[in-house]
Protein chains: 2
Amino acid sequence: MRNIKKLLFIVPFGLIALFNASGQTFTSYVNPFIGTGSFDEHSLSGNCYPGATIPFGMVQPGPDTRQAPSWGDDGNGYYYADSVIYGFSHTRLSGTGVSDFIDILLMPTTNKSEWVPVSTFSHDDEEAHPGYYRVKLQTYGIDAELSATTRCGIHHYTFPSGADQRLTLDLDHSSIKGRWGRTVINSQIRVISPTVIEGFRTITGWAKLRNIYFHIELSKPIVAHELMDGDFAVYDAPVINGEELHGVFDFDNNSANDLTVKLAISPVSIENARENMAAEAQSWDFDSYRSSADKEWDKYLGRIEVEGTDRDKTIFYTALYHTMVQPNTMSDVNGEYMATDYSIRKMPEGKTFYSTFSLWDTYRAAHPLYNLIVPEKNEEFAESLLLHHESYGHLPVWVLWGQENYCMIGNHSLPVLVDLAMKNIGNIDKKRILDACVESVTHTHLNFPSEVWEKYGYMPENLQSQSVSITLEESFDDWCVAQLAQNLGEKDIYERFAARSRYYEALFNPEHGFFQAKNDKGEWIEPFDPLKYGANGGNPYTEGNPWQWLWYVPHDVDRLISLLGGNKAFVKKLDDFFSITDTSGEKNVNASGFVGQYVQGNEPGHHAAYLYNYAGEPRKTQKMIHHIIEEFYNTQSTGYAGNDDCGEMSAWYIFSSMGFYPVNPASDEYAISSPVFSSVKIHLANGKTFTIEAPKKDKSEIYIKKQSIDGMPYKSNILKYETIMNGSTLQFKLSSK
Amino acid sequence: MRNIKKLLFIVPFGLIALFNASGQTFTSYVNPFIGTGSFDEHSLSGNCYPGATIPFGMVQPGPDTRQAPSWGDDGNGYYYADSVIYGFSHTRLSGTGVSDFIDILLMPTTNKSEWVPVSTFSHDDEEAHPGYYRVKLQTYGIDAELSATTRCGIHHYTFPSGADQRLTLDLDHSSIKGRWGRTVINSQIRVISPTVIEGFRTITGWAKLRNIYFHIELSKPIVAHELMDGDFAVYDAPVINGEELHGVFDFDNNSANDLTVKLAISPVSIENARENMAAEAQSWDFDSYRSSADKEWDKYLGRIEVEGTDRDKTIFYTALYHTMVQPNTMSDVNGEYMATDYSIRKMPEGKTFYSTFSLWDTYRAAHPLYNLIVPEKNEEFAESLLLHHESYGHLPVWVLWGQENYCMIGNHSLPVLVDLAMKNIGNIDKKRILDACVESVTHTHLNFPSEVWEKYGYMPENLQSQSVSITLEESFDDWCVAQLAQNLGEKDIYERFAARSRYYEALFNPEHGFFQAKNDKGEWIEPFDPLKYGANGGNPYTEGNPWQWLWYVPHDVDRLISLLGGNKAFVKKLDDFFSITDTSGEKNVNASGFVGQYVQGNEPGHHAAYLYNYAGEPRKTQKMIHHIIEEFYNTQSTGYAGNDDCGEMSAWYIFSSMGFYPVNPASDEYAISSPVFSSVKIHLANGKTFTIEAPKKDKSEIYIKKQSIDGMPYKSNILKYETIMNGSTLQFKLSSK
């Protein structure tokens, strides 16, 4: 066993200076509108949202510009090109293509006749900051401000003087009904007192079952209310139960012009929602929530300090922000949460259960980033994955509101857990991790026929679709298990999984130098077209083409180079990859942000530009990374070249702009490129600071002329985890040529 | 306030002799096949089931002769005319038209190739007794026996010697998908060890959301298993999650030929299912379960002892049995249950939460019967209704798996609660009951627009369909509230509800002497046809015609007589009712068991034959009651003239065959007819026994010549609750003329 000391979390992060060298808060660089629109007409929206939330929070109160989002550009309910707002719902996903959540819509209005109000708005009279959102609802002249605690949305509405003051509550508002079988199963609105409304909604959809309980407190009393279920209106009752619920609540407009609304949610019970509010949101001072949220964000964002242009810092801190709007808190303040089998369970005192794990995306760079800057959170994420395994029988593929949805392929809880274990982060028993990993990938589950895998030594396409992609990614996942088994001295497991980690080779066709699908007789499936795209089933390649999937051997790049004929041939193939613009049939809708065949808008080839490093051409890596950064990230709503995918597109930027990247996301090595920033300081959980110094006159200085670590010349283009954790200083001398 | 002493439950029922005068157990008279078929081709099946259960139990393991029941004749999954069995599922409703439940199907088989086995069977090789069911599965030669505890199904299968031994588990089996939006949301099968299987299924349907967790223990180890989700088969995994799950489990056929399977369920968690089994079903001795169940039933059935022919006793004890197969235990042994808002709550130590309240049916006679023979249970039922009110905002209309389904009309929790309160049964605070009643019917909920009710003083059909039926039944429900308010000295409430209890008069049309619908302008809705049926919406009459709804003024029969022109005209109208056979258009499917326009197969007119009593013609009551009993009850599968409706058709028989009936089910008065039995003894909870003596030479002696109470001549044809509770003896001298 390797003898690495346990990583202790000794930094009192709260005491880190809240202002960086330029005297500004880190949060002041965050522009939540980045990624809320589409990069170009061929790209999906970043699907980010401008609503208020706090790091890893349960609620995301924000504007909904779509009444019933479907898929693609409006996953979270907000799309920058839209011009109307339907209200402010309390839960949302960031960066996913599929739409879900947007529960419990509140909308202030001055119009007495509308049950489903809608208002125009302008980006000129709209602002968003971490933990804060404001918009003028032009139709009603209402100024609406939002803030949040971990489990509570805080709304502050200012009505025009003398206008009617009304609040509408919409429990029918959701992503489009019918898709993913989406149906409201039951819901309730209940007026408990003139200043308290409670209820719940139970809905099936992409998340198969969600109970969302809520407790609302109002700063002034309701003077009249009406409730409605579809077209069944109720004027005399404090409660309504049904599937299409709306409530309207009128306030006295002779009193103050403003109304503060606090809304707590819980996945467990109304009582828990009440308790969440009691713990987090007793104050009626809206600004105090905004200020607390800003401080909380600043604390987290300050874990990395960068020096560079305002533009680049805006992109950087917004990306960092986007990596931390999920995974989401899913347990109440008392520790209770809904397990993946819908039973109610309780976390140990002081521990939090998390959900929203877009693992196919986030295992690549987001979780490696968490291990550097929020390892204490990544340990809790890992515990949540392991608890999921206990009630569901295997580690999760994609976790939505605590539930498996089997979205995408692979078993990428494995790299997340193994990386944590191998880096000795936290206190989770490594054997428990190994056992969960082994159990999860030695038994069949949806999209992963385990016995087929070991019987054939690859996935035959006629037995399991997306076979090439699964073969490549599962080989890597298995490599992760092998590493941990070796670390724990489990020789049999090591050997079994080391063998499995080489299964990808079976699908390499030396005839043309691509990975190609085979059937269960071992025959190549013809015709083969390196440009032809697959989607999410029915084709060997997942959301990409053979060019994009060619590079996925992160655990053995040397062998891939060898398969492709050595360094020179490998570099030639990479050059072709980044230059061939031919197409063959329709592209997959997720493919966007092209450099030749390279796609920045989707994840499978995200590490490809770093592979030049391994074939003796690091300058090509440096050039290409800077090209991608310059081309596909900006400070506008168009700032991502595709879905941010729960912060993965952002995490790619964070690493790449700092000058290194986890090509193998479960190893202790990072591929070095060159930083965007002249200075990077990562404040580590062990109390040390890893520093990168890269003084540059202008942004054309992207090539590494010399590099040193703690003053000693450093020749490798691999940065070791140990070097970072030692709090070393990596110095670059850059040039533009 | 009336000063009635609290009813104390002092009888140690367990000590009552388990054998009646003839030396037979009470259970020996029960034939669970009664009501499992249709009375005639025009009748719905009784929808009773022959499966094993114990009084008020949570599980009902029994045979399923339908793969996906729909509505009507196969509500519970078994129909007597069927000839095949798909297996044995664990939950079911008794007597409802709508089908739901039938969760977790087990089927033994010897056929290796079938995932959904099915076997022929014959009633000649099938038997059913309280707590026991046995059938020969002819296709496989397997003898299958079932028994039950409160929360566990116990199966004992005997395979043919040398045959393959296989058990299939089907979590996809349900009432027909799509109806009531029925969909399996998620489910799991998990092989925990060679002798333990666990899992759950979450399903939406007539009950909007049910989580059913299960824990299975096997008497011998599984040697091989396969799991399947739809057509996705898994051979190497101990767990599968999905929406169409099947499992097959193979056993060694060189060992014993028999297999015992114990299956515990829980609505809360797998852990609770485990705990339920640990508390109730540790033994592997199948016969001990059968014996315990029989003893438990005998204890309950023995609360009434009747003497008569074996035929009549068979009908009687089977009917009594059918009144006690629900309401169903819905809390686990640790007291936890799923509340109507899907949160998990816990009953106080020693208390049970109950569900399955078909209140539109059972408030009429079943709950009045419970108050006499199982008042301690009716108190727990009442508490369950009140807890429902607390989380749902109003008292329930129809409770299925702890949830409101708004089936039928009225607010008939009210008579159930008020009758309990007025009779001083148990310790529930009366003010709490009154408050819940008032809150439930002074606010609008589905099918009950409260403000319309008080604004118009009747339900206008153009504002609320089924308006005549709702007006009649709600007038009665409101009368109940008035009585309790008066009892508690709540004068304002009394006066408000006393006025509401007379609203029915607004719809009496003296032109033709029927209740007729009005619109909101007070105009009669024409044309009026006293023979025309309504169903469950779109017509003023619920599942009946104006003739059948004419009699529904149980709280003021004298006023009804007066509206109809006095005793003579009233009797003439009753005579017409029981003789006119004309039809007009289609009858409602629930209408069957006709005597003229009278319908024994559905509930609205069930009290009508007793109304002769109130107009000076008690002999006509006696004659008609005996006619109905003779005509529409028997000892065969055809033994009910329509759906038993959770024991209501049975409760009508229990009262009527004993010689009295709660025309007003929330009063202290019963209308006297004449008994079927020569002797009836009701063992009361206060330790006393109420006795009816009616010596008769043959069954033609149905007319009361003389009657006395405790030896004193008694002239009234009203029996008082007090008389019963005093343990008096009611003696009849009967004649055939």
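This one's a predicted model, so the numbers in the text were calculated from it and none came from an experiment. (Residues numbered from 1 in each chain as written. Chains lettered and ligands numbered in written order. Predicted model: local features only at pLDDT ≥ 70, side-chain atom pairs only at ≥ 80, totals over all residues. Heavy atoms only, no water.)

Student: What is the right way to look at the overall build of chain A in this model?
Tutor: Broken down by element type, chain A carries 17 helices and 37 strands. The C-alpha radius of gyration computed for chain A amounts to 26 Å, which stays within 12% of the reference 27 Å derived for 737 residues, consistent with globular compactness. Projected onto the principal axes, the alpha-carbon positions of chain A cover approximately 80 × 60 × 50 Å. Expressed as a percentage of contacts within chain A between residues at least 6 apart in sequence, the contacts between residues at least 24 apart total 69%. As presented, chain A carries roughly 22900 Å² of accessible surface, and 49% of it is formed by carbon and sulfur atoms. Considering chain A, the positive charge centre built from 62 side chains and the negative charge centre built from 93 side chains are found 7 Å apart. (Helix = DSSP H or I, 4+ residues; strand = E, 2+ residues; numbered from the N terminus. Rg over C-alpha atoms; globule rule 2.2 N^0.38 Å. Contact = heavy atoms within 4.5 Å. Areas by Shrake-Rupley, 256 points an atom, 1.4 Å probe, with all protein chains shown as cover. Lys, Arg positive; Asp, Glu negative; His and termini not counted. Charge placed at Lys NZ, Arg CZ, Asp CG, Glu CD.)

Student: Just checking my understanding: could you explain a positive patch on the surface for this structure?
Tutor: Residues and elements named next belong to chain A. Residues K705, K706, K715 and K733 make up a contiguous surface patch of positive charge. Relative to the elements of secondary structure, K706 occurs in strand β34 (residues 703-709). Classification of K706 as exposed rests on a relative accessible area of 58%. (Patch = residues over 30% accessible without salt bridge, like charges linked within 9 Å, V, L, I, M, F, W, Y side chains within 5 Å. Salt bridge = Lys/Arg side-chain N within 4 Å of Asp/Glu carboxyl O. Buried < 20%, exposed > 50% of the residue type's maximum accessible area, 1.4 Å probe, protein only.)

Student: Just to check I follow, could you spell out the relation of the copies chain B and chain A for this structure?
Tutor: One copy of the chain maps onto the second through a rotation around an axis plus a translation along that axis. The operation relating chain B to chain A is a screw motion whose rotation component is 180°, with 0.0 Å of axial translation and a residual RMSD of 0.0 Å. The relationship between the two copies is best expressed as a two-fold rotation axis. Considering only C-alpha atoms, the residue of chain B closest to the rotation axis is I344(B), which sits at 3.8 Å. When the interface residues of chain B are mapped onto chain A, 100% of them again fall at the interface, so both copies present the same face. (Least-squares fit on C-alpha atoms with pLDDT ≥ 70 in both.)

Student: What is the right way to read the interface of chain B and chain A from this model?
Tutor: Often, the extent of an interface is quoted as the loss of accessible area upon association of its parts. Tallying the contact residues gives 44 residues for chain B and 44 residues for chain A. Between chain B and chain A lies a buried interface of about 3400 Å² when both sides are counted; carbon and sulfur atoms form 51% of it. Across the contact surface, chain B and chain A share four salt bridges. E243(A) is the partner of K208(B) in a salt bridge, and the nearest nitrogen-oxygen pair spans 2.4 Å. Counting across the chain B and chain A interface gives 29 residue pairs in polar contact (both at pLDDT 80 or more). Across the side of chain B that touches chain A, the residue classes tally to 17 nonpolar, 18 polar and nine charged. (Buried area = accessible area lost by both parts, 1.4 Å probe. Polar contact = N/O pair within 3.5 Å; in protein donor to acceptor, adjacent residues only side chain to side chain. Nonpolar A, V, L, I, M, F, W, Y, C, P; charged D, E, K, R; others polar.)

Student: Please explain the environment of N643(A) as it appears in this structure.
Tutor: Residue and element names in this part refer to chain A. Along the chain, the position of N643 falls in the loop between α15 (618-632) and α16 (648-658). With 595 residues separating them in the primary sequence, N643 and C48 have C-alpha atoms 7.9 Å apart. Look past the residues within four positions of N643 in its chain and what remains in contact with it is L44, S45, G46, N47, G72, G95, T96, G97, N590, G601, E603 and M649. Within the local environment of N643, its side chain forms a polar contact with the backbone oxygen of S45, the two atoms lying 2.7 Å apart. Reaching out from N643, the side chain makes a polar contact with the backbone nitrogen of G97 at a distance of 3.4 Å.

Student: Is there a simple way to think about the sheet that holds strand β7 (residues 132-137) of chain B in this case?
Tutor: What links the strands of a sheet is backbone hydrogen bonding, and the strands pair in either a parallel or an antiparallel sense. Sheet architecture is open: nine strands sit in the order β6-β7-β8-β9-β18-β13-β12-β11-β16 (chain B), paired in antiparallel fashion. Both edges of this open sheet fall to β6 (126-129) and β16 (239-242) of chain B, since each of them pairs with a single strand only. Across this sheet, the average inter-strand angle for adjacent strands is 15°, counted without regard to direction. Bridge analysis of strand β9 (residues 152-158) of chain B against strand β18 (residues 258-266) of chain B gives seven bridges, and the strand direction is antiparallel. What sits directly across from T158(B), in β18(B), is D258(B). Packing against the sheet, helix α6 (residues 375-392) of chain A makes contact with β11 (183-193) and β16 of chain B, and its axis sits at approximately 85° to β11(B). Of the strands in this sheet, β9, β11, β12 (196-204), β13 (210-218) and β18 of chain B are in contact with helix α1 (residues 270-280) of chain B, which crosses β18(B) at around 125°. (Pairing = 2+ DSSP bridges. Axes fitted to C-alpha atoms, helices over the stretch in contact; angles between N-to-C directions.)

Student: Which parts of the structure should I look at to understand the confidence of the model for chain A?
Tutor: Parts of the model with low pLDDT should not have their predicted coordinates read in detail. Residues and elements named next belong to chain A. For chain A, mean pLDDT is 95; residues scoring 70 or higher make up 97% of the total. Per-residue pLDDT stays below 50 along residues 1-5; that stretch engages in eight contacts with residues further than four places along the chain or on separate chains. Interface confidence in the predicted complex, given as ipTM, is 0.95; pTM for the same model is 0.96. (pLDDT = per-residue confidence, 0-100.)

Student: Which parts of the structure should I look at to understand the packing of helix α5 (residues 366-373) of chain A against α16(A)?
Tutor: Packed helices, taken two at a time, are described by the angle between their axes plus the distance between the axes. All names here are of chain A. Relative to each other, α5 and α16 sit at 55°, their axes nearing to 9 Å. Here α5 lies oblique to α16, going by the angle between them. In this structure, α5 crosses over α16, and the sense of that crossing is left-handed. Contacts between α5 and α16 involve A366, P368, L369 and L372 from the former and E648, A651, I654 and F655 from the latter. Per-class residue counts for the contact of α5 with α16 are seven nonpolar, no polar and one charged. (Parallel < 35°, antiparallel > 145°, perpendicular 65-115°, else oblique. Left-handed = near helix turned anticlockwise from the far one by under 90°.)

Student: Would you explain unusual backbone geometry in this entry?
Tutor: Comment: phi is negative for the bulk of residues other than glycine, and the bulk of peptide bonds are trans. Of the consecutive residues E526(A) and P527(A), the connecting peptide bond is found in the cis state with omega at -5°. Here P527(A) is to be found in the loop between β27 (514-515) and α12 (546-549). Backbone geometry places W401(B), a non-glycine residue, at a positive phi of 50°. Here W401(B) shows up in the loop between β24 (399-400) and β25 (403-404). Judged by its relative accessible area of 1%, W401(B) is buried.

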